[in-house]
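# Structural description and commentary
Below, each chain spelled out in residue letters.
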Amino acid sequence: MRITILTLFPNWFDGPCHESILARAQEAGLVEIRVRQLRDWTTDRHRTVDDAPYGGGGGMVLKAEPVAAALDELAGPPGAPDRARVLFTSPRGTTWNHPRAIQHATARQDIVVLCGHYEGLDERVIETRVDEEVSLGDFVLTGGEIAAMAIVDSIVRLLPGALGAPEGAATDSFATGLLEAPHYTRPEIFDGHAVPEVLLSGNHAAIARWRHEQALAITAARRPDLHAQHLADHPPPPPRARRPRVKAKEPATPAPPNDPLE
Ligand SMILES: C[S@@+](CC[C@H](N)C(=O)[O-])C[C@H]1O[C@@H](n2cnc3c(N)ncnc32)[C@H](O)[C@@H]1O
């Protein structure tokens, strides 16, 4: 899988793309991450990527021509059969989440993540070349770089082989539809607070039960929306129908002896 990040600030990615899981995933050949400077697709001496908005208003707008040229080269022209999927970071987009990260990690289709800047991007590029507008949440960042990094990281860690201990990912928040249960490590007592006893019991079934109960309780308290969805997806089994109690057979009353007088 190849991920290309298109940005005005390529140096921004030097650190995050070369540390920890992202670095290992690239070394292992699971993913290729390329970072490209948008100004390389400008045609003027000043490498201009922005202009004033039609209709006035503050701020500048990313111009259509350099962005379109870059996307057509990096992702493929619109309509090309093997075109990479183009994601544009934008507060107007739909919020990024675990299911979307799973979709991309499973499809393993190449993606290009376009980082916005200034007031935004000429709408005509969005209409003709963007497949998904992605928001990180209901707040405004200075540029799309942080959002791009979050998107890339959340996809790459889901690629098979990317995590050193993949079993941990199975219980990560959202993987089960719930938030995760609390974690503890040594020492057994910290600041007078002891580790829950069940975790020291060695009883794996009891530990799994405890973690599930904790995950349910934390999700119900913090994310009632997820909790409701979980209950809808995993309805409790219907109570077992009570079998009607069969009356114990009364010992058959012995037939009265034939009355010799009848
Ligand atoms: C200053 S913001 C522009 C905000 C824009 N004028 C608006 O109100 O929607 C510059 C760029 O940062 C990125 N950005 C800002 N907030 C974001 C968010 N919540 N999620 C994803 N990207 C964001 C986008 O790429 C955006 O084009």
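Residues numbered from 1 in each chain as written. Predicted model: local features only at pLDDT ≥ 70, side-chain atom pairs only at ≥ 80, totals over all residues.

### Regarding the sheet that holds strand E3 (residues 50-51)
As a reminder of what qualifies: One requirement defines pairing of two strands: DSSP has to find at least two bridges between them. Helix and strand definitions follow DSSP, with helices as H or I runs of at least four residues and strands as E runs of at least two, each counted in order from the N terminus.
Spatially, three strands are ordered E3-E4-E7 in an open sheet, and the strand pairing comes out mixed. Of all the strands in the sheet, the pair left with one neighbour each is E3 and strand E7 (120-121). With two bridges joining them, strand E4 (residues 61-62) and E7 adopt parallel strand pairing. Each residue of the ladder has a partner; that of Val61, found in E7, is Gly120.

### Notes on the domain arrangement of the protein chain
Interfaces are often sized by the amount of accessible area the parts lose when they come together. In plain terms, the rule: For the domains described, the bounds stem from an automatic or database domain assignment.
Here the protein chain is partitioned into domain 1 (2-156) and domain 2 (189-233). Placing the centre of domain 1 and that of domain 2 at their C-alpha centroids yields a distance of 38 Å.

### Re the site of the ligand
The test is simple: Residues are classed as near a molecule or strand if the C-beta position derived from their backbone is within 6 Å of it. Under this grouping Gly is polar, as are all residues other than the nonpolar Ala, Val, Leu, Ile, Met, Phe, Trp, Tyr, Cys and Pro and the charged Asp, Glu, Lys and Arg.
Taken together, 19 residues lie near the ligand, and Thr89, Gly116, Leu141, Gly144 and Ala147 sit nearest. Ranked by residue count, the leading element in the shell around the ligand is strand E5 (residues 85-95), at four residues. Looking at side-chain class alone, the shell around the ligand contains seven nonpolar, ten polar and two charged residues.

### Quick word on the nonpolar core
We apply this condition: To form a nonpolar core, buried Ala, Val, Leu, Ile, Met, Phe, Trp, Tyr and Cys residues must be joined through C-beta atoms within 7 Å. Whether a residue is buried, exposed or partly exposed follows from its count of other C-beta atoms within 10 Å of its own C-beta, namely 20 or more, 12 or fewer, or something in between, respectively; the C-beta atoms are built from the backbone. Distance between backbone-placed C-beta atoms decides contact: two residues are in contact if it is within 7 Å.
Ile5, Val86, Val112, Val113, Leu114, Ile151 and Val152 are the most contacted members of the largest nonpolar core, which has 42 residues in total. Looking at which element gives the most residues to this core, the answer is helix H5 (residues 145-156), with seven residues. The residues contacting Val113, other than those within four sequence positions of it, are Ile3, Ile5, Leu6, Leu87, Thr89, Ala148, Ile151 and Val152.

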